[in-house]
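# Understanding the architecture of this molecule
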2 protein chains.
Amino acid sequence: MSSHSHHTIRQAILDRIQTGEWALGELIPGEAMLADEYGCARTTINRALQGLANDGVVIRKRKGGTRVCDMPVRQAKFNIPVVREQVEALGSVYRHQVTRRVEKAPPTAVQKRLGLAPGTKSLQLDTVHLADDRPFAFETRWVNTRAVPAILDAPLDEISANEWLVQTVPFSSGDVVFCAVNAGKDVAEALGAREGAAVFVIDRTTSLAGEFITTMQLYYREGYQLHSQL
Amino acid sequence: MSSHSHHTIRQAILDRIQTGEWALGELIPGEAMLADEYGCARTTINRALQGLANDGVVIRKRKGGTRVCDMPVRQAKFNIPVVREQVEALGSVYRHQVTRRVEKAPPTAVQKRLGLAPGTKSLQLDTVHLADDRPFAFETRWVNTRAVPAILDAPLDEISANEWLVQTVPFSSGDVVFCAVNAGKDVAEALGAREGAAVFVIDRTTSLAGEFITTMQLYYREGYQLHSQL
DNA sequence: TTCGATATGTTGTATGCACATAATAATCTT
DNA sequence: AAGATTATTATGTGCATACAACATATCGAA
């Protein structure tokens with residue numbers, strides 16, 4: 001009874017949920033009751049329950065009380081790392097090669113995504129990421145030079161566009177899409193894979209303060225796996 | 001400043017980080033100083049910073065202070081829904097078909113994953129998930145019948161194994177792997193796709209209280225995208 | 001009776017104080 | 001100079017109090 005940290009209580013409550021003491025969608029006792037049961041202040045219970053709510057284990061509503069989440073959806077958190085770190089984590093030597101670098105008006109799909117006026121030029125960058133000089137991933141990217149003009153002067157042979165952006169425009173928000181596609185001719189060539197191979201794609205568009213910064217597709221070589229606990 | 005203080009302050013601090021006031025990996029002022037600056041109690045600042053720490057924006061260490069996270073990794077949260085909900089969210093009618101249901105000793109790879117003794121029988125289930133009677137996803141699964149014997153009596157024609165498990169063994173933990181593979185003959189057939197098509201795979205193994213429950217591969221039909229904010 | 005406004009109580013939310021704890025820096029001891 | 005001890009200074013935690021929102025009950029007028 002004395003291990004009163006909200007962490008401990010949180011775990012205890014989680015256990016009780018997991019053992020089925022409170023069924024899916026069922027109301028669990030109020031904070032006051034739990035506080036009494038655990039011999040702690042209501043606030044401490046509150047913290048525990050809020051934590052569980054953050055993790056999507058319970059849903060809380062004023063006056064409605066706290067109930068076990070009946071959502072059958074599970075949340076998984078992923079770390080989306082910088083490619084170089086992925087490579088180096090595998091014990092390989094990282095290198096990258098910029099295979100294209102042009103400024104021009106992007107296709108309308110990209111133009112829309114970046115919220116650009118028609119005809120506005122952007123920077124197109126294609127990069128091959130190498131692990132021990134073998135292709136690891138192929139990246140094709142458009143950067144909104146209005147938002148980040150400094151990238152035109154960045155030494156992109158030394159630092160990858162991704163890393164430069166992360167360091168320059170940190171904590172941008174955005175969205176990510178994961179999907180699988182058959183490698184087209186260009187991707188297959190860049191990755192040294194056969195055409196039609198199943199490649200894992202991360203498609204990311206990032207923005208900061210309402211302004212779109214960059215949009216990118218990252219094609220991983222065959223067999224790549226994105227792993228996560230849940 | 002009314003009630004939402006710590007949320008407000010949290011956002012304010014995030015803004016200051018995003019505008020580059022404090023650089024990557026750099027120390028930000030201590031709680032006391034910020035409390036003074038914002039005219040609130042230290043605890044309120046603490047809450048704000050803890051929130052940011054939860055989101056991986058800052059790292060906090062006792063005595064070491066709080067610093068902007070220098071990890072270039074970004075966290076993305078995904079909801080991994082039940083297939084039926086995905087289908088119905090698209091406005092289609094969901095149906096599923098169990099194409100295989102046998103009890104036998106699994107291959108060693110599965111045996112290992114489920115932590116079974118050699119020769120232990122398990123339940124193998126193959127299911128095709130249909131959207132408007134068109135194949136949407138193909139699921140192949142092994143269930144540890146030691147852990148969940150009740151599944152042998154479950155009406156798996158009415159309720160999918162996935163849903164049955166979610167309702168029966170909620171909040172199990174486990175891990176997930178996403179990857180892309182070329183459809184083999186069996187998968188292609190089940191999905192009505194061509195052999196070699198790039199399919200998105202979710203590979204999940206779940207456990208509860210140290211006991212493995214089930215392992216599953218879910219093959220989505222071509223073009224499937226997993227979407228997330230970050 | 002019926003409808004609607006208002007009172008009321010239950011439950012989650014927010015804040016600030018006092019104290020605990022951890023990690024480092026400074027100091028003392030040998 | 002090396003090791004042990006104490007001081008300092010950060011963040012972490014528990015608790016009490018005040019607050020706000022929501023559901024329901026209650027009351028009064030048409």
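Residues numbered from 1 in each chain as written. Chains lettered and ligands numbered in written order. Predicted model: local features only at pLDDT ≥ 70, side-chain atom pairs only at ≥ 80, totals over all residues. Heavy atoms only, no water.

### Structural notes on the packing of aromatic side chains
Evaluated as defined, the whole model comprises 18 aromatic pairs over all chains. Note on Phe200 of chain B and Tyr224 of chain B: the rings are 5.7 Å apart at their centroids and 55° apart in plane angle, and the pair reads as tilted. With Phe200 of chain B in strand 9 (residues 198-208) and Tyr224 of chain B in the loop between strand 10 (211-220) and strand 11 (225-229), the pair connects residues that are 24 residues apart, well separated along the chain. Like Phe200 of chain B, the residue Tyr224 of chain B is buried in the burial classification. Ring-pair connections join several aromatic residues into one group, and the members of that group are Phe78, Phe136, Phe178, Phe200, Tyr220 and Tyr224 of chain A together with Phe78, Phe136, Phe178, Phe200, Tyr220 and Tyr224 of chain B. (Phe/Tyr/Trp six-rings, centres within 6.5 Å; stacked < 30°, edge-to-face > 60°. Helix = DSSP H or I, 4+ residues; strand = E, 2+ residues; numbered from the N terminus. Buried < 20%, exposed > 50% of the residue type's maximum accessible area, 1.4 Å probe, protein only.)

### Considering the sheet that holds strand 9 of chain B
By way of backbone hydrogen bonds, the strands of a sheet pair with one another, either parallel or antiparallel. The seven strands lie next to each other as 11(A)-8(B)-9(B)-10(B)-7(B)-6(B)-5(B), forming an open sheet whose pairing is antiparallel. Strands at the two margins of the open sheet, each flanked by one partner only, are strand 11 (225-229) of chain A together with strand 5 (94-104) of chain B. With direction set aside, neighbouring strand axes in the sheet form an average angle of 15°. Where strand 11 of chain A lies against strand 8 (residues 173-182) of chain B, five bridges are found, and the strand directions are antiparallel. Bridged to Gln229 of chain A within strand 8 of chain B is Asp175 of chain B. Contacts between helix 6 (residues 161-168) of chain B and the sheet are confined to strand 6 (122-131), strand 7 (134-143), strand 9 and strand 10 of chain B, with strand 7 of chain B contributing the most and set at about 55° to the helix. (Pairing = 2+ DSSP bridges. Axes fitted to C-alpha atoms, helices over the stretch in contact; angles between N-to-C directions. Contact = heavy atoms within 4.5 Å.)

### So, the relation of the copies chain B and chain A
Between chain B and chain A, the superposition needs a rotation of 180° and an axial shift of 0.0 Å, giving an RMSD of 0.2 Å. What the rotation and shift describe, once combined, is the action of a two-fold rotation axis. (Least-squares fit on C-alpha atoms with pLDDT ≥ 70 in both.)

### Overview of the nonpolar core
In terms of nonpolar packing, the biggest core is built from 42 residues, with Phe178, Phe200 and Tyr220 of chain A together with Phe178, Phe200 and Tyr220 of chain B touching the most fellow members. Not counting residues within four places of it along the chain, the set of residues in contact with Tyr220 of chain A comprises Val83, Gln86, Phe136, Ala137, Leu191, Val199, Phe200 and Ile202 of chain A. If you look at the next biggest cluster of nonpolar residues, it comprises 19 residues, including Ile9, Leu14, Ile45 and Val68 of chain A. (Core = buried A, V, L, I, M, F, W, Y, C linked by side-chain atoms within 4.5 Å.)

### Comments concerning the pairing of strand 9 of chain B
Residues and elements named next belong to chain B. Taken across its 11 residues, strand 9 has 11 buried, putting it largely inside the fold. The side-chain alternation of strand 9 yields two buried faces, one formed by Ala198, Phe200, Ile202, Arg204, Thr206 and Leu208 and the other by Val199, Val201, Asp203, Thr205 and Ser207. Sheet analysis places strand 8 next to strand 9, joined by 10 bridges and oriented antiparallel. Each bridged residue has a counterpart across the sheet, and for Cys179 the counterpart in strand 9 is Val201. Pairing between strand 9 and strand 10: nine bridges, direction antiparallel. Its bridge partner being in strand 10, Leu208 is matched across the sheet by Glu211. Hairpin connection between strand 9 and strand 10: a loop of two residues separates the two successive antiparallel strands, and Ala209 in this loop has a positive phi of roughly 55°.

### Description of the environment of Asp157 of chain A
Residue and element names in this part refer to chain A. Its location among the elements puts Asp157 in the loop between strand 7 (134-143) and helix 6 (161-168). Under the relative-accessibility criterion, Asp157 is labelled exposed at 65%. The spatial distance from the C-alpha of Asp157 to the C-alpha of Val57 is 46 Å, given a sequence separation of 100 residues. Leave out the neighbours within four places in its chain, and Asp157 touches His96 and Val98.

### Looking at helix 2 (residues 31-38) of chain A
Residues and elements named next belong to chain A. Every buried residue belonging to helix 2 is among Glu31, Leu34, Ala35 and Tyr38, and all of these are buried. Buried residues of helix 2, seen end-on, are gathered within an arc of 105° and therefore sit on one face of the element. Within helix 2, the exposed residues directed more than 90 degrees away from the buried face are Ala32, Met33 and Asp36. Check the buried side of helix 2 and you find it contacts helix 1 (6-18), helix 3 (42-54) and strand 2 (58-61). Of the residues trailing helix 2, Gly39 is marked for its positive phi of about 65°. (Arc of directions from axis to C-beta.)

### Structural notes on the domain arrangement of chain A
Parsing chain A into structural domains produces domain 1 (6-68) and domain 2 (83-220). Taking the mean C-alpha position of each, domain 1 of chain A and domain 2 of chain A sit 43 Å from one another. (Domains from an automatic or database assignment.)

### Observations regarding unusual backbone geometry
As a rule of thumb, non-glycine residues mostly have phi less than zero, and peptide bonds are mostly trans rather than cis. All names here are of chain A. Even without glycine at this site, Asp133 takes up a positive phi of about 65°. The backbone phi angle of Ala209 is positive, close to 55°, even though this residue is not glycine. Residue placement: Ala209 occurs in the loop between strand 9 (198-208) and strand 10 (211-220). Assessed through its relative accessible area of 80%, Ala209 is described here as exposed.

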